[in-house]
Amino acid sequence: MSDLILTPNIKNADDFYAELLAAHEGLEKADSDALNARLVLVLANHIGDSTVLTDALRAAALTDS
Amino acid sequence: MNKIFETPLYGYERSPDQDSPTPVRHKVIVIGAGPVGLAAAIDLAQQGVDVVVLDENDKVSFGSRAICFSQRTLEIADRLGCGRRLVDKGVLWDRGKVFFDDRQVYDFNLQPDEGYANPAFINLQQYHFENYFVERVRELQAEGAPIEIRGRNKVEAIGTHEDHVRLEVETPEGPYTIEADWLIACDGATSPARRMLGIDFEGRIFEDNFLIADVIMDADFPSERWFWFDPPFNRGQSALLHKQPDNVWRIDLQLGWDIDKEREKRPENVIPRLKAMLGDDVEFQLEWVSIYTFQCRRMESFRKGRVLFAGDSAHQVSPFGARGANSGLQDTDNLCWKLKLVLDGKAPETLLDSYNAERVYGADENILNSSRSTDFITPKSEMSRILRDAVLDLSEHYDFARPLVNSGRLSQPCTYDGSSLNSADALNGPAGTRPGSACPDAPLGDEFLLPKLAGKFTLLTIDADAPDTLEEDGIEVTRLALSVKDDMTLALKRRYLGDATSAVYLIRPDQHVAARRDSYEENTFRHAIRRACGKE
Ligand SMILES: Cc1cc2nc3c(=O)[nH]c(=O)nc-3n(C[C@H](O)[C@H](O)[C@H](O)COP(=O)(O)OP(=O)(O)OC[C@H]3O[C@@H](n4cnc5c(N)ncnc54)[C@H](O)[C@@H]3O)c2cc1C
């Protein structure tokens, strides 16, 4: 794998996770799906590097061992 | 209806070929007087090749069909002697707006970069385009060029032979037989030639229906490309509004797959749809309405022996990138100089296989782009719609999302990366002029670069030495000596030198780069010339 980080990298993991849940709180399923989609796009643009993105897609698919 | 549709432009006339006891043999026959067939014929006639165009019809395209013509098409048309007319008549535009649901999400400008003789795009009805090309044919005839268009000459059968083809042609006065050394089939998407030769036409098919309406109205919408995703007046679908000359406006409304075409085409169904889009108070008249189902596909090979396929007969795309006629003109641009060299015995017949390789590459690029646009415009799954809508919502707020919005990636000239005619890149220069690229234009004082590169092999030197002429195995190359100082705007430097301080380019007759290096070296360039003609 390239520069994709798959080891712990978020300093306050619990805080981030709570923030993620809070962002979805009270949303209908459709609005939550839309939020997730926007979030993926925002993050992907921040990363930019196409090999990292490709590796991230592969990692998320959980098909590699 | 506009009179231009109704007037025969190349009415039937009896040809002496019809009275010949044995079939007359021509150098080249072109089937089809659409934009692509006309371009092929003009290109060949300008090079002195005897060419006959056969068309079953005798008029321009019915209804306007193509409206958006690219800079590359205009550059090719310049070389064919009709570019000026197109630009003078066409509507210039470089701006567009994108709407989502009930609001505008952003606007764009296509060509911030200057220094080209031709605009990025013009809008012009296909019938005007064809009309100007026919005018050019008439001019060439007046100059004595060996070119003919035969209206109401319908090709009924094609016999292929080792060194020629034989056609059975039906006319209002009965059939006749005619032969040619080479046949170019520009007979459109339903290509009877393809069928007659028993060739399959496979590929990905995208099935969706679009209502295409050209309306005449005195509206004050600007001449911009307006594209709607999921607007209130066409829920779940897309819409497009674009201006053409003579107060004609193109409207495309996506209708979805499961519709009754005949019913949707009736004015009583079309007019309410248009009113919902334009507003009740806008007065308009329908010029032309049609329903299209678009497909993306190409032939496996554009050459079959002595028959060459070009334009829609060889490949089709959905219209969102304006890649139909525009790519067809790149086909004939690529083909005609090669055919001329082969006819003159200056290049091996296999040079024509590079036409197939290069234009198949171009067609695949067009199909890829057009398929991706279609996937964005018509999401195929729930998640693809969610992602599409997310892109559109973000594009309203953030620049980063705008490049992801895909309402059609407008036709760009194809770069023939990996073509066997290219020599290895030997200049640390700009990517946009690497071997295989179509030369970008650049200003030279009051003039422009591209007209100086037309129709012959050129050695373009920029602050570099080279002989004024060079001949390699029958191929003549002439030098065009320039300096970065010839262009005070520095576009020439930006486009052809980049960080390099000098450059020598070998440029093909179709204005594509065959080789480049920082300085002249005889042996290298002799090899490059041979390579560019399929001799290595
Ligand atoms: C709604 C719409 C919008 C479009 N918008 C654009 C656009 O903006 N930009 C763009 O570049 N392209 C666009 N296109 C595509 C463009 O119209 C086509 O790519 C173009 O017309 C192809 O030209 P052609 O010469 O290959 O074929 P055609 O124009 O189809 O010409 C084929 C010719 O062959 C003749 N013929 C057929 N069979 C025979 C026979 N047996 N014997 C003799 N003659 C025969 C026909 O009479 C016809 O004249 C659009 C198309 C549509 C439908």
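What you are looking at is a predicted structure, and each value in this text was computed from that prediction instead of being measured. (Residues numbered from 1 in each chain as written. Chains lettered and ligands numbered in written order. Predicted model: local features only at pLDDT ≥ 70, side-chain atom pairs only at ≥ 80, totals over all residues. Heavy atoms only, no water.)

**Student:** For this particular structure, what's the right way to read the interface of chain A and chain B?
**Tutor:** For an interface, size is often stated in terms of accessible area lost upon the parts coming together. Counting from both sides, the interface comprises seven residues of chain A and, opposite them, eight residues of chain B. Around 700 Å² of area is buried between chain A and chain B when both sides are counted, 85% of it from carbon and sulfur atoms. Our count for the contact surface shared by chain A and chain B stands at zero salt bridges. Counting across the interface, chain A meets chain B through zero residue pairs in polar contact (both at pLDDT 80 or more). (Contact = heavy atoms within 4.5 Å. Buried area = accessible area lost by both parts, 1.4 Å probe. Salt bridge = Lys/Arg side-chain N within 4 Å of Asp/Glu carboxyl O. Polar contact = N/O pair within 3.5 Å; in protein donor to acceptor, adjacent residues only side chain to side chain.)

**Student:** I keep staring at the domain arrangement of chain B and nothing clicks. Help me out?
**Tutor:** All names here are of chain B. According to the domain assignment, chain B consists of domain 1 (4-91 + 119-203 + 297-365) and domain 2 (431-532). Put simply, the middle of domain 1 and the middle of domain 2, counted by C-alpha atoms, are 29 Å apart. The interface of domain 1 with domain 2 comprises 11 residues on the first partner and 14 residues on the second. Interface area, domain 1 with domain 2, both sides summed: about 1,000 Å², of which 54% is carbon and sulfur. Its largest share of buried area at the contact with domain 2, domain 1 owes to Arg72, Arg79 and Trp337, together 50% of the area lost on that side. If you look at where domain 1 meets domain 2, you find one salt bridge. Across the pair glutamate 358 and arginine 508 runs a salt bridge whose closest N-O atoms are separated by 2.9 Å. With five residues, helix α9 (residues 324-343) is the largest single contributor of residues to the side of domain 1 that touches domain 2. Looking at the side of domain 1 that touches domain 2 residue by residue, the class counts come to three nonpolar, one polar and seven charged. (Domains from an automatic or database assignment. Helix = DSSP H or I, 4+ residues; strand = E, 2+ residues; numbered from the N terminus. Nonpolar A, V, L, I, M, F, W, Y, C, P; charged D, E, K, R; others polar.)

**Student:** How should I be thinking about the sheet that holds strand β7 (residues 121-123) of chain B in this particular structure?
**Tutor:** Two strands in a sheet stick together by hydrogen bonds in their backbones, pointing the same way (parallel) or opposite ways (antiparallel). Residues and elements named next belong to chain B. The strand order β3-β7-β4 describes an open sheet built from three strands, whose pairing is antiparallel. Every other strand in the sheet has two partners, leaving β3 (68-70) and β4 (91-92) as the edge strands with one partner each. Of the strand pairs in this sheet, β3 and β7 are connected by three bridges, and their pairing is antiparallel. Paired with phenylalanine 69 across the strands is isoleucine 122, a residue of β7. (Pairing = 2+ DSSP bridges.)

**Student:** Could you clarify how one ought to interpret the sheet that holds strand β24 (residues 469-472) of chain B in this entry?
**Tutor:** Residues and elements named next belong to chain B. Strand order in the open sheet formed by five strands is β24-β25-β23-β26-β27, with mixed pairing between adjacent strands. Where the open sheet ends on each side, the last strands, each with one partner, are β24 and β27 (513-517). Each strand of the sheet is rotated relative to its neighbour by a mean of 20°, with strand direction disregarded. With five bridges connecting them, strand β23 (residues 457-462) and strand β26 (residues 503-507) associate as antiparallel partners. Residue pairing for β26: leucine 459 is matched across the bridge by leucine 506. Along the sheet face, helix α13 (residues 522-532) touches β23, β24, β25 (475-482), β26 and β27 and points at about 55° away from the line of β24. (Axes fitted to C-alpha atoms, helices over the stretch in contact; angles between N-to-C directions.)

**Student:** Looking at this structure, I do not really get the packing of α9(B) against helix α10 (residues 351-377) of chain B. What am I missing?
**Tutor:** Each packed pair of helices is defined by two parameters, the angle between the axes and the distance between the axes. Residue and element names in this part refer to chain B. It is the contact of α9 with α10, at a shortest axis distance of 9 Å, that shows an interaxial angle of 170°. Judged by the inter-axis angle, α9 sits roughly antiparallel to α10. Here Ser327, Gln330, Asp331, Asn334, Leu335, Trp337, Lys338, Leu339, Leu341 and Val342 of α9 come into contact with α10, specifically with Leu351, Leu352, Ser354, Tyr355, Glu358, Arg359 and Asn366. Of the residues belonging to the contact of α9 with α10, the class tally is eight nonpolar, five polar and four charged. (Parallel < 35°, antiparallel > 145°, perpendicular 65-115°, else oblique.)

**Student:** How should I be thinking about the packing of aromatic side chains in this particular structure?
**Tutor:** One pair of aromatic rings is described through two measures. These are the centre distance and the angle between the planes. All names here are of chain B. Going through the model one piece at a time under the given rule, you end up with 21 aromatic pairs over all chains. Three or more aromatic residues joined by ring pairs make a cluster, and in this case those are Phe210, Phe227, Phe229, Trp288, Tyr292, Phe294, Phe320 and Phe376. Note that arginine 306 overlies the ring of tryptophan 182, its terminal NZ or CZ placed 4.1 Å from the centroid. Here the basic side chain of arginine 495 rests over the ring of tyrosine 116, its NZ or CZ set 4.0 Å away from the ring centre. (Phe/Tyr/Trp six-rings, centres within 6.5 Å; stacked < 30°, edge-to-face > 60°. Lys NZ or Arg CZ within 6 Å of the ring centre and 35° of its normal.)

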